[in-house]
Amino acid sequence: MKALQRICFTIIITVGLQILLQTHSVFALPQFSLMTGNRCLTCHVNAQGGGIRSELGWYAAKDAGMINPKDVPLLKDLYALDGESNSFIDGQLTIGMDLRGQMTRSPARDNAQRRFFPMQLALYGALKLNGAEWLTLEGGFDAASLWQSARGSYSGQSGWTASALIQPGLTLPLLRVGHFQPTTGVRYDDHTMLIRQISGAFSRPLIPPMYAEWGAEIQYDGLQWLSLSAGAFLPQNISAINVPFANGDFGSIIAGISPEAPLNQLLSAPTFTGRAKVWLRTEDHLLNSYLGASVLNNGNFRMLNAFVGAGLTDRLSLMGEYMTANLPNAFLLQNWTVELTYRPFAWLYPYVRYEQGRSQIYDGSTTPTNNYANNLTIGVQWFPLPYLELRPEWRLYDTERFTSTRWNLQVHFFY
């Protein structure tokens, strides 16, 4: 009966908020990792973070709020339905969700209307078969992708993931097979950041949010100080990303491949990825840090990421990432970001982020066009209640065509 109540609670909240936000996550945020000394795998099924939370990840958010629901009569009974865990059937089934929306207006026009749009409406599930502790089946679906696809917002995005995680022992490598996002760089929860974009006055994603491919990946996290991964994927979704070339053509970044290509052609042009991350922590557990790099390569297209971060436990974090991507006779990108986050309270995280993007675009010419974008963001992550985050931001956005300021508000409900 209690299990049924908890499932009903999740469904009611999901549908209710979807209506409230007009159809319109804590991900394993890297700044939180730096302030706790925990790796993303501690709180998420996915080693890079994002998606469904483990029981420990659920517990970490259960009481994280400025207001204790038990002290508010109207909330006491509602929050009592969330139970003692996000797992059911003796821990075999785990569920979760992320619903995120943003209120903003375009920085490119002074008279742009303010609107609210969905960024994420995702439901997740993970299943461990009885007697097969070495196997986990996981998947997720993001309904916001349907709205974004209808508007043609992000070429190459995928609204769903599904994979099998095979690991004979905790200190042994893990094999992940299925349809999921390749492990590259740092995984953030805000897809408006410049780090993976073709930057300029009208920036657009190079690697879109909710990107996923069919493939396989080997992950190793058997040592406390080291994370390694290597994978091979079909190029079906990444081939949907089209760019202009110096010869005047407009086509896929993967030569000779399209999303409709038959399987034998997709197999002939695999995408390869590799990532290494070192975790360093002082013996007194006061200072936490990481550094790493990754590569994503397919034919002539290559994306390299380097990242570093340091944090004081329960106090602050400083992290940065650099990305360069190159496709001969099409583009050369160089982006970087740095962010400082402070934690005065367990439910409040003020931050400042500076980003810079530089794009050389060969648009029908052997002489590239130089575009740029600089973005200064000042904001705060505020958790007024468990499972609820409000993120007001002020942004200064400067490009080769215009300079503007905007304030935004992100609303995030998670479970």
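Just so it is clear, the model here is predicted, and its values are computed rather than measured. (Residues numbered from 1 in each chain as written. Predicted model: local features only at pLDDT ≥ 70, side-chain atom pairs only at ≥ 80, totals over all residues. Heavy atoms only, no water.)

Structural notes on the overall build of the protein
Then, number 1: The secondary structure content of the protein amounts to seven helices and 21 strands.
Then, number 2: On C-alpha atoms alone, the protein measures out to a radius of gyration of 21 Å, which is about the 22 Å that the 2.2 N^0.38 rule sets for 415 residues.
Then, number 3: Seen through its principal axes, the protein has C-alpha atoms that stretch 65 × 50 × 45 Å.
Then, number 4: Total accessible area computed for the protein in this model is approximately 19,000 Å², and 62% of it derives from carbon and sulfur atoms.
Then, number 5: Side chains of the protein carry 30 positive and 30 negative charges; the gap between the two charge centres is 3 Å. (Helix = DSSP H or I, 4+ residues; strand = E, 2+ residues; numbered from the N terminus. Rg over C-alpha atoms; globule rule 2.2 N^0.38 Å. Areas by Shrake-Rupley, 256 points an atom, 1.4 Å probe, with all protein chains shown as cover. Lys, Arg positive; Asp, Glu negative; His and termini not counted. Charge placed at Lys NZ, Arg CZ, Asp CG, Glu CD.)

Remarks on the environment of E213
Then, number 1: Within the secondary structure layout, E213 lies in strand β9 (residues 213–223).
Then, number 2: Residues E213 and Q236, spaced 23 residues apart in sequence, show a C-alpha to C-alpha distance of 6.9 Å.
Then, number 3: Leave out the neighbours within four places in its chain, and E213 touches G178, H179, F180, F233, L234, P235, Q236, N237 and I238.
Then, number 4: Here the side chain of E213 touches I238 through a polar contact of 2.7 Å, landing on its backbone nitrogen. (Contact = heavy atoms within 4.5 Å. Polar contact = N/O pair within 3.5 Å; in protein donor to acceptor, adjacent residues only side chain to side chain.)

Considerations on the pattern of salt bridges
Then, number 1: This model, assessed by the stated rule, comprises nine salt bridges.
Then, number 2: Taking the shortest distance from any N to any O, the salt bridge between R391 and D189 comes out at 2.6 Å. In this pair, R391 sits in strand β20 (residues 388–399) while D189 sits in the loop between β6 (174–180) and β7 (197–198), placing the two residues 202 residues apart along the sequence. The same class applies to R391 as to D189, namely buried.
Then, number 3: Close ionic contact of R353 with D190 constitutes a salt bridge, the shortest N to O distance being 3.8 Å. In this pair, R353 sits in strand β18 (residues 348–361) while D190 sits in the loop between β6 and β7, placing the two residues 163 residues apart along the sequence. Across the pair, D190 and R353 agree in class, each one buried.
Then, number 4: Several salt bridges share partner residues, and in doing so they unite D190, E339, R353, E355, E393 and R395 into one network. (Salt bridge = Lys/Arg side-chain N within 4 Å of Asp/Glu carboxyl O. Buried < 20%, exposed > 50% of the residue type's maximum accessible area, 1.4 Å probe, protein only.)

Some points on the pairing of strand β13 (residues 271–281)
Then, number 1: In this sheet, β13 lies alongside strand β10 (residues 226–233) in antiparallel orientation, the contact comprising eight bridges. Residue pairing in the sheet places G231 in a bridge with T273 of β13.
Then, number 2: With ten bridges joining them, β13 and strand β14 (residues 287–298) adopt antiparallel strand pairing. Residue pairing for β14: T273 is matched across the bridge by L296.
Then, number 3: The turn joining β13 and β14, which pair antiparallel and follow one another in sequence, is formed by five residues; a positive phi near 65 degrees is taken by H285. (Pairing = 2+ DSSP bridges.)

Things to note about unusual backbone geometry
In most cases, non-glycine residues show a negative phi, while peptide bonds are predominantly trans.
Then, number 1: Positive phi, close to 65 degrees, is recorded for H285, a residue that is not glycine.
Then, number 2: The class for H285 is partly exposed, based on a relative accessible area of 42%.
Then, number 3: Of note, Y387 is a non-glycine position whose phi angle comes to about 75 degrees, a positive value.
Then, number 4: Its location among the elements puts Y387 in the loop between β19 (369–385) and β20.

Section: the environment of S54
Then, number 1: With respect to the secondary-structure elements, S54 resides in the loop between α3 (40–43) and α4 (55–62).
Then, number 2: Owing to a relative accessible area of 19%, S54 belongs among the buried residues under this scheme.
Then, number 3: Taking C-alpha positions, S54 is 8.0 Å from N86, a pair spaced 32 residues apart along the chain.

Some remarks on the side chain of H179
Then, number 1: Along the chain, H179 falls in strand β6.
Then, number 2: Take H179: its relative accessible area is 3%, and that puts it in the buried class.
Then, number 3: Polar side-chain contacts of H179 include one of 3.1 Å to the backbone oxygen of W160.
Then, number 4: If we skip the residues at most four places from it in the chain, H179 touches S158, W160, T161, A162, A212, E213, W214 and N237.

Some points on the packing of aromatic side chains
Then, number 1: Evaluation of the coordinates by the stated rule reveals 14 aromatic pairs.
Then, number 2: With 4.7 Å between their ring centres and 45 degrees between their planes, F32 and Y349 make a pair best called tilted. Residue F32 is located in helix α2 (residues 30–36), and its partner Y349 is located in strand β18; the two are separated by 317 residues in the primary sequence.
Then, number 3: Judged by centre distance (6.1 Å) and plane angle (85 degrees), the ring pair of Y349 and F383 falls under edge-to-face. Linking Y349 in strand β18 with F383 in strand β19, this pair joins segments that are 34 residues apart in sequence.
Then, number 4: A residue is classified by how much of its surface remains accessible, and Y349, at 10% relative accessible area, is buried.
Then, number 5: Of the residues examined, F383 reaches a relative accessible area of 5% and is grouped as buried.
Then, number 6: Here the aromatic residues F32, Y349, F383, Y387, F414 and Y415 are joined through ring pairs into a cluster of three or more. (Phe/Tyr/Trp six-rings, centres within 6.5 Å; stacked < 30°, edge-to-face > 60°.)

Things to note about the nonpolar core
Then, number 1: In terms of nonpolar packing, the biggest core is built from 34 residues, with L206, I238, I253, F301 and F331 touching the most fellow members.
Then, number 2: For this core, the elements supplying multiple residues, two or more each, are β14, β15 (301–312), β16 (316–327) and β17 (331–342).
Then, number 3: When residues in this core are grouped by element, the largest group, four residues, is from β16.
Then, number 4: Non-local contacts of I238, meaning those with residues more than four positions away in its chain, are made with I207, Y211, E213, I253, I254, T271, L296 and F301.
Then, number 5: The next biggest cluster of nonpolar side chains, apart from the first, holds 20 residues, and it includes Y79, L121, A144 and Y349. (Core = buried A, V, L, I, M, F, W, Y, C linked by side-chain atoms within 4.5 Å.)

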